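# Observations on the three-dimensional arrangement
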Amino acid sequence: MRAAKFPVPARALLALVLSCAFVSTSHAALFEDDEARRAILELRQRVDALQLANQRSADDLRKSGDDNSQQRRSLLDLQTQIEALRVEQATLRGQNEQLLRDVGELQRRQKDIAQGVDERLRQFEPVKVTVDGLEFQADAAEKRDFEAALAIFRTGKFAEANTAFAGFIRQYPRSGYVPSARFWLGNAQYAAREYKEAIGNFRLLMSGSPGHARAPEAALSIANCQIELKETRAARKTLEDLLRAYPQSEAAVAAKERLSRLK
């Protein structure tokens, strides 16, 4: 370390001055008065310069210390700000991730709601169906109710099928299912030995839709009901009419067989 950086104590300076003065006094005989005065002045100037240099060094050290303290405080403040920014950034990142999750959940719910609405709307939209060779538009409810009644018939629960098909015709009188519904209603009544009611429904089918795919079978079924009722002459006429109206149908083959057995 350099000595110039530290101030010389006042006592040391005084001792130095006294020492120099003592030396000057003891050797006064060797110098002229002018030379002695010049020496003393030069010594004082050197002491003053040394004191000034020490004072400047002390001031520089204090200033340097103050600057270092200020720099340390500035660095601490900067680190504090950086840490605060990091915390804020982490908080914002977490909030952003939560917002993204919320948006995703909202979009999923909206999609589910839209799908649910579409499904409910489709329940009321007409659909294209084909039954017994006939193509038409039907509401989803019509399709569901007709298929439900037909399922009941196929289980052999004819009384319940009778009720289901009759209710269907009352509820959907203009439905494209009506001719087929009358056919199966007549068959349910035939199975329940309600022959006259069955004949009525078969005739309604034939009169309302003579070109329907089930019309030849309906005519044959009328003849079967008449045979059960012992109305042989009426049954014969029904079978003959069937052969004339639907000669190429499968029902016509069965009609010929029945005619051959009627007396």
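Residues numbered from 1 in each chain as written. Predicted model: local features only at pLDDT ≥ 70, side-chain atom pairs only at ≥ 80, totals over all residues. Heavy atoms only, no water.

### Here we look at unusual backbone geometry
Negative phi is the rule for most residues except glycine; trans is the rule for most peptide bonds. We note that Arg193 has phi near 65 degrees; this positive angle belongs to a residue other than glycine. Along the polypeptide, Arg193 turns up in the loop between helix 5 (178–191) and helix 6 (195–208). On the basis of relative accessible area, Arg193 is assigned to the exposed category, the value being 67%. Residue Lys230 is not a glycine yet carries a positive backbone phi of 65 degrees. When you line up the elements, Lys230 lands in the loop between helix 7 (215–228) and helix 8 (232–245). (Helix = DSSP H or I, 4+ residues; strand = E, 2+ residues; numbered from the N terminus. Buried < 20%, exposed > 50% of the residue type's maximum accessible area, 1.4 Å probe, protein only.)

### Re helix 9 (residues 250–261)
For helix 9, every residue scored as buried is listed here: Ala251, Ala252, Ala254, Ala255 and Leu259. Down the axis of helix 9, the buried set is contained in an arc of 160 degrees. They therefore lie on one face. When the buried face of helix 9 is taken as reference, the exposed residues oriented beyond 90 degrees from it are Glu250, Val253, Lys256, Ser260 and Arg261. On its buried face, helix 9 sits against helix 7 and helix 8. (Arc of directions from axis to C-beta. Contact = heavy atoms within 4.5 Å.)

### Observations regarding the pairing of strand 2 (residues 134–138)
For strand 1 (residues 127–131) and strand 2, the ladder comprises five bridges, and the chain directions are antiparallel. Residue pairing for strand 2: Thr130 is matched across the bridge by Glu135. Between strand 1 and strand 2, which pair antiparallel one after the other, the connecting turn spans two residues, and Asp132 there sits at a positive phi close to 55 degrees. (Pairing = 2+ DSSP bridges.)

### Side note on helix 3 (residues 140–154)
Because an α-helix completes one turn every 3.6 residues, residues spaced three or four positions apart along the sequence face the same direction. Over its 15 residues, helix 3 extends 21 Å from the first C-alpha to the last, a length consistent with the 21 Å expected when each residue adds 1.5 Å. For helix 3, every residue scored as buried is listed here: Glu142, Phe146, Ala149, Leu150 and Phe153. Angularly, the buried residues of helix 3 cover 100 degrees about the axis, an arc narrow enough to put them on a single face. Across helix 3 from its buried face, at more than 90 degrees, point the exposed residues Arg144 and Arg154. Downstream of helix 3 by a residue or two, Gly156 has a phi angle that is positive, lying close to 85 degrees. (Expected span 1.5 Å × (residues − 1).)

### Observations regarding the packing of aromatic side chains
Under the counting rule described, the total for this entry stands at eleven aromatic pairs. A ring pair is formed by Phe146 and Phe165, whose centres lie 6.0 Å apart and whose planes are at 65 degrees; its orientation type is edge-to-face. With Phe146 in helix 3 and Phe165 in helix 4 (residues 158–171), this residue pair connects regions lying 19 residues apart in the sequence. With relative accessibility at 5%, the residue Phe146 sits in the buried group. Joined through ring pairs, the aromatic side chains of Phe136, Phe146, Phe165, Phe168, Tyr172 and Tyr177 make up one cluster. (Phe/Tyr/Trp six-rings, centres within 6.5 Å; stacked < 30°, edge-to-face > 60°.)

### Details of the packing of helix 4 against helix 5
Two elements in contact, helix 4 and helix 5, have axes separated by 9 Å at closest approach and are oriented at 150 degrees. Relative to helix 5, helix 4 is oriented roughly antiparallel. Where helix 4 crosses over helix 5, the handedness of that crossing is left-handed. Contact residues: Phe158, Ala161, Asn162, Phe165, Ala166, Phe168 and Ile169 in helix 4; Ala181, Arg182, Trp184, Leu185, Ala188, Gln189 and Ala191 in helix 5. Residue composition of the contact of helix 4 with helix 5, by class: eleven nonpolar, two polar and one charged. (Axes fitted to C-alpha atoms, helices over the stretch in contact; angles between N-to-C directions. Parallel < 35°, antiparallel > 145°, perpendicular 65-115°, else oblique. Left-handed = near helix turned anticlockwise from the far one by under 90°. Nonpolar A, V, L, I, M, F, W, Y, C, P; charged D, E, K, R; others polar.)

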